[in-house]
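Chain by chain, the residues run as shown.
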Amino acid sequence: MAAETFDITELEQRMRASMDALKRELVGLRTGRASANLLDPIQVSVYGAKMPLNQVATVTVPEARMIAVQVWDRSNIQAVEKAIREANLGINPVVDGAMIRLPVPTPTAERRQELAKQAHKYGEQHKVAVRNVRREGMDLLKKLEKDGNISQDEQQRHSTKVQELTDKLIKEIDQIVAAKEAEIQKV
(Lines give C-alpha, C1' and ligand atoms only; values in the text may rest on other atoms or scores of the structure.)
Protein backbone atom coordinates (compact mmCIF):
# COMPACT_ATOMS: atom_id res chain seq x y z
CA MET A 1 0.00 0.00 0.00
CA ALA A 2 1.37 3.43 -0.92
CA ALA A 3 2.52 5.58 1.95
CA GLU A 4 0.13 8.54 1.63
CA THR A 5 -2.74 7.43 -0.61
CA PHE A 6 -5.76 5.22 -0.17
CA ASP A 7 -6.80 2.83 -2.92
CA ILE A 8 -9.73 0.52 -2.27
CA THR A 9 -9.01 -1.50 -5.42
CA GLU A 10 -5.60 -2.40 -4.02
CA LEU A 11 -7.23 -3.55 -0.77
CA GLU A 12 -9.73 -5.61 -2.76
CA GLN A 13 -6.92 -7.21 -4.79
CA ARG A 14 -5.09 -8.18 -1.61
CA MET A 15 -8.30 -9.61 -0.10
CA ARG A 16 -9.11 -11.51 -3.30
CA ALA A 17 -5.56 -12.92 -3.36
CA SER A 18 -6.34 -14.52 0.00
CA MET A 19 -9.55 -15.99 -1.44
CA ASP A 20 -7.64 -17.39 -4.42
CA ALA A 21 -5.13 -18.98 -2.06
CA LEU A 22 -8.04 -20.53 -0.13
CA LYS A 23 -9.44 -22.02 -3.34
CA ARG A 24 -6.03 -23.51 -4.18
CA GLU A 25 -5.75 -25.04 -0.69
CA LEU A 26 -9.26 -26.50 -0.84
CA VAL A 27 -8.52 -28.17 -4.19
CA GLY A 28 -5.92 -30.27 -2.39
CA LEU A 29 -8.46 -31.74 0.04
CA ARG A 30 -9.46 -35.19 -1.14
CA THR A 31 -13.23 -35.57 -1.39
CA GLY A 32 -13.51 -39.16 -2.59
CA ARG A 33 -13.73 -38.18 -6.24
CA ALA A 34 -10.60 -38.35 -8.34
CA SER A 35 -9.17 -34.98 -9.31
CA ALA A 36 -5.95 -34.27 -11.20
CA ASN A 37 -5.50 -31.22 -8.93
CA LEU A 38 -5.02 -33.58 -5.99
CA LEU A 39 -1.46 -34.18 -7.21
CA ASP A 40 -0.58 -30.50 -7.84
CA PRO A 41 1.46 -29.98 -4.65
CA ILE A 42 3.62 -33.09 -5.25
CA GLN A 43 7.30 -32.42 -5.99
CA VAL A 44 9.38 -35.19 -7.61
CA SER A 45 13.16 -35.53 -7.18
CA VAL A 46 14.43 -36.07 -10.74
CA TYR A 47 17.45 -34.92 -12.72
CA GLY A 48 19.09 -33.69 -9.52
CA ALA A 49 16.27 -31.24 -8.71
CA LYS A 50 12.76 -31.16 -7.27
CA MET A 51 10.16 -30.61 -9.98
CA PRO A 52 6.36 -30.44 -9.91
CA LEU A 53 4.75 -33.73 -10.93
CA ASN A 54 3.04 -32.12 -13.92
CA GLN A 55 6.49 -31.31 -15.40
CA VAL A 56 7.56 -34.97 -15.52
CA ALA A 57 4.24 -36.70 -16.25
CA THR A 58 0.74 -36.28 -17.61
CA VAL A 59 -2.01 -36.54 -15.00
CA THR A 60 -5.46 -37.65 -16.18
CA VAL A 61 -8.69 -38.86 -14.60
CA PRO A 62 -10.00 -41.77 -16.71
CA GLU A 63 -12.67 -42.79 -14.17
CA ALA A 64 -14.48 -41.16 -11.24
CA ARG A 65 -12.29 -42.98 -8.69
CA MET A 66 -9.04 -43.35 -10.62
CA ILE A 67 -6.14 -41.01 -11.39
CA ALA A 68 -3.67 -42.05 -14.08
CA VAL A 69 -0.12 -40.66 -14.19
CA GLN A 70 1.70 -41.21 -17.49
CA VAL A 71 5.42 -40.68 -16.78
CA TRP A 72 7.26 -39.32 -19.82
CA ASP A 73 10.69 -40.76 -18.99
CA ARG A 74 10.52 -44.40 -17.87
CA SER A 75 13.61 -43.91 -15.68
CA ASN A 76 11.59 -41.55 -13.46
CA ILE A 77 8.79 -43.99 -12.62
CA GLN A 78 10.30 -45.00 -9.27
CA ALA A 79 10.90 -41.37 -8.27
CA VAL A 80 7.32 -40.39 -9.17
CA GLU A 81 5.89 -43.38 -7.28
CA LYS A 82 8.03 -42.51 -4.24
CA ALA A 83 6.92 -38.86 -4.31
CA ILE A 84 3.24 -39.89 -4.47
CA ARG A 85 3.66 -42.32 -1.55
CA GLU A 86 5.48 -39.70 0.54
CA ALA A 87 2.77 -37.09 -0.11
CA ASN A 88 0.53 -38.89 2.45
CA LEU A 89 -2.61 -38.58 0.35
CA GLY A 90 -3.93 -41.92 1.54
CA ILE A 91 -3.59 -43.27 -2.00
CA ASN A 92 -1.43 -46.26 -2.93
CA PRO A 93 0.12 -45.96 -6.40
CA VAL A 94 0.03 -49.07 -8.64
CA VAL A 95 2.80 -49.15 -11.28
CA ASP A 96 1.70 -50.53 -14.64
CA GLY A 97 4.56 -50.11 -17.14
CA ALA A 98 5.06 -46.39 -17.79
CA MET A 99 1.67 -45.67 -16.20
CA ILE A 100 0.98 -45.23 -12.51
CA ARG A 101 -2.62 -45.80 -11.48
CA LEU A 102 -3.98 -44.23 -8.32
CA PRO A 103 -7.27 -45.74 -7.12
CA VAL A 104 -8.99 -43.11 -4.97
CA PRO A 105 -10.78 -44.83 -2.07
CA THR A 106 -13.98 -43.45 -0.59
CA PRO A 107 -13.05 -41.67 2.65
CA THR A 108 -14.46 -43.08 5.87
CA ALA A 109 -16.96 -41.01 7.87
CA GLU A 110 -14.21 -40.17 10.34
CA ARG A 111 -11.86 -39.06 7.54
CA ARG A 112 -14.62 -36.93 5.98
CA GLN A 113 -15.08 -35.19 9.36
CA GLU A 114 -11.33 -34.51 9.53
CA LEU A 115 -11.36 -33.10 5.99
CA ALA A 116 -14.36 -30.90 6.78
CA LYS A 117 -12.57 -29.55 9.86
CA GLN A 118 -9.47 -28.90 7.74
CA ALA A 119 -11.58 -27.00 5.18
CA HIS A 120 -13.11 -24.95 7.99
CA LYS A 121 -9.64 -24.23 9.39
CA TYR A 122 -8.41 -23.04 5.97
CA GLY A 123 -11.48 -20.78 5.74
CA GLU A 124 -10.80 -19.27 9.17
CA GLN A 125 -7.14 -18.59 8.30
CA HIS A 126 -8.14 -16.74 5.16
CA LYS A 127 -10.88 -14.79 6.92
CA VAL A 128 -8.21 -13.60 9.36
CA ALA A 129 -6.02 -12.61 6.40
CA VAL A 130 -8.90 -10.59 4.88
CA ARG A 131 -9.54 -8.91 8.24
CA ASN A 132 -5.84 -8.05 8.53
CA VAL A 133 -5.98 -6.30 5.15
CA ARG A 134 -9.11 -4.47 6.38
CA ARG A 135 -7.29 -3.39 9.56
CA GLU A 136 -4.33 -2.09 7.55
CA GLY A 137 -6.71 -0.11 5.32
CA MET A 138 -8.55 1.35 8.31
CA ASP A 139 -5.26 2.27 10.00
CA LEU A 140 -4.11 4.04 6.84
CA LEU A 141 -7.39 5.97 6.65
CA LYS A 142 -7.03 7.08 10.28
CA LYS A 143 -3.45 8.14 9.65
CA LEU A 144 -4.43 10.10 6.52
CA GLU A 145 -7.18 11.86 8.46
CA LYS A 146 -4.86 12.61 11.38
CA ASP A 147 -2.26 14.05 9.01
CA GLY A 148 -4.96 16.21 7.40
CA ASN A 149 -4.74 14.55 3.95
CA ILE A 150 -8.43 13.59 3.95
CA SER A 151 -11.46 14.95 5.77
CA GLN A 152 -13.31 13.11 8.50
CA ASP A 153 -16.27 12.61 6.13
CA GLU A 154 -13.99 11.04 3.50
CA GLN A 155 -12.45 8.83 6.14
CA GLN A 156 -15.93 7.68 7.25
CA ARG A 157 -17.05 7.07 3.65
CA HIS A 158 -13.92 5.05 2.81
CA SER A 159 -14.13 3.14 6.11
CA THR A 160 -17.71 2.14 5.27
CA LYS A 161 -16.61 0.94 1.81
CA VAL A 162 -13.75 -1.09 3.32
CA GLN A 163 -16.13 -2.66 5.85
CA GLU A 164 -18.68 -3.51 3.14
CA LEU A 165 -15.95 -5.07 1.01
CA THR A 166 -14.67 -7.07 3.99
CA ASP A 167 -18.18 -8.32 4.84
CA LYS A 168 -18.78 -9.32 1.21
CA LEU A 169 -15.53 -11.27 0.95
CA ILE A 170 -15.99 -12.97 4.35
CA LYS A 171 -19.43 -14.10 3.16
CA GLU A 172 -17.90 -15.44 -0.10
CA ILE A 173 -15.26 -17.33 1.90
CA ASP A 174 -18.01 -18.85 4.06
CA GLN A 175 -19.89 -19.93 0.92
CA ILE A 176 -16.76 -21.49 -0.62
CA VAL A 177 -15.98 -23.41 2.58
CA ALA A 178 -19.61 -24.52 3.00
CA ALA A 179 -19.66 -25.83 -0.59
CA LYS A 180 -16.40 -27.71 -0.02
CA GLU A 181 -17.67 -29.17 3.27
CA ALA A 182 -20.85 -30.34 1.52
CA GLU A 183 -18.73 -31.91 -1.24
CA ILE A 184 -16.58 -33.68 1.36
CA GLN A 185 -19.59 -35.01 3.29
CA LYS A 186 -21.27 -36.35 0.14
CA VAL A 187 -20.65 -40.11 -0.09
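These notes cover the structure that comes with them. From a predicted model like this one, the values you see are computed outputs, not experimental measurements.

Remarks on helix α3 (residues 109-146)
Taking 1.5 Å per residue as the helical rise, α3 with its 38 residues ought to reach 56 Å, and the 55 Å between its terminal C-alpha atoms agrees with that figure. Where α3 terminates, the next one or two residues include Gly148, which has phi positive at roughly 85°.

Notes on the sheet that holds strand β5 (residues 94-96)
Strand order in the open sheet formed by 4 strands is β3-β4-β6-β5, and the pairing between neighbours is antiparallel. At either margin of the open sheet sits one strand with a lone partner, and together these are β3 (57-63) and β5. Across the sheet, the axes of successive neighbouring strands diverge by a mean angle of 25°, strand direction being ignored. Bridge count for strand β4 (residues 66-71) against strand β6 (residues 99-103) is 5 bridges, and the pairing is antiparallel. By the bridge assignment, Met66 is partnered in β6 with Pro103. Most of the contacts of helix α2 (residues 77-86) go to β6, to which it runs at about 15°, and overall it touches β4, β5 and β6.

Focus: the nonpolar core
Ranked by internal contacts, the top residues of the largest apolar core, which has 24 residues, are Phe6 and Leu29. Of all the elements in the fold, those that place two or more residues in this core are α1 (8-27), α3 and α4 (152-185). Here the element with the most residues in this core is α3; it accounts for 9 residues. Membership of the second largest hydrophobic core comes to 23 residues, among which are Ile77, Ile84, Ile91 and Leu102.

As for α1
For an α-helix the count is 3.6 residues per turn, leaving residues at separations of three or four pointing the same way. With 20 residues, α1 should cover 28 Å at 1.5 Å per step; its first-to-last C-alpha distance of 29 Å lies within 8% of that length. What α1 keeps buried is the set Leu11, Met15, Ser18, Met19, Ala21, Leu22 and Leu26. Down the axis of α1, the sector holding all buried residues measures 155°, keeping them to one side. Among the exposed residues of α1, those pointing more than 90 degrees away from its buried face are Gln13 and Arg24. Buried residues along α1 sit in contact with α3 and α4.

The rules we used
Residues numbered from 1 in each chain as written. Predicted model: local features only at pLDDT ≥ 70, side-chain atom pairs only at ≥ 80, totals over all residues. Heavy atoms only, no water. Helix = DSSP H or I, 4+ residues; strand = E, 2+ residues; numbered from the N terminus. Expected span 1.5 Å × (residues − 1). Pairing = 2+ DSSP bridges. Axes fitted to C-alpha atoms, helices over the stretch in contact; angles between N-to-C directions. Contact = heavy atoms within 4.5 Å. Core = buried A, V, L, I, M, F, W, Y, C linked by side-chain atoms within 4.5 Å. Buried < 20%, exposed > 50% of the residue type's maximum accessible area, 1.4 Å probe, protein only. Arc of directions from axis to C-beta.

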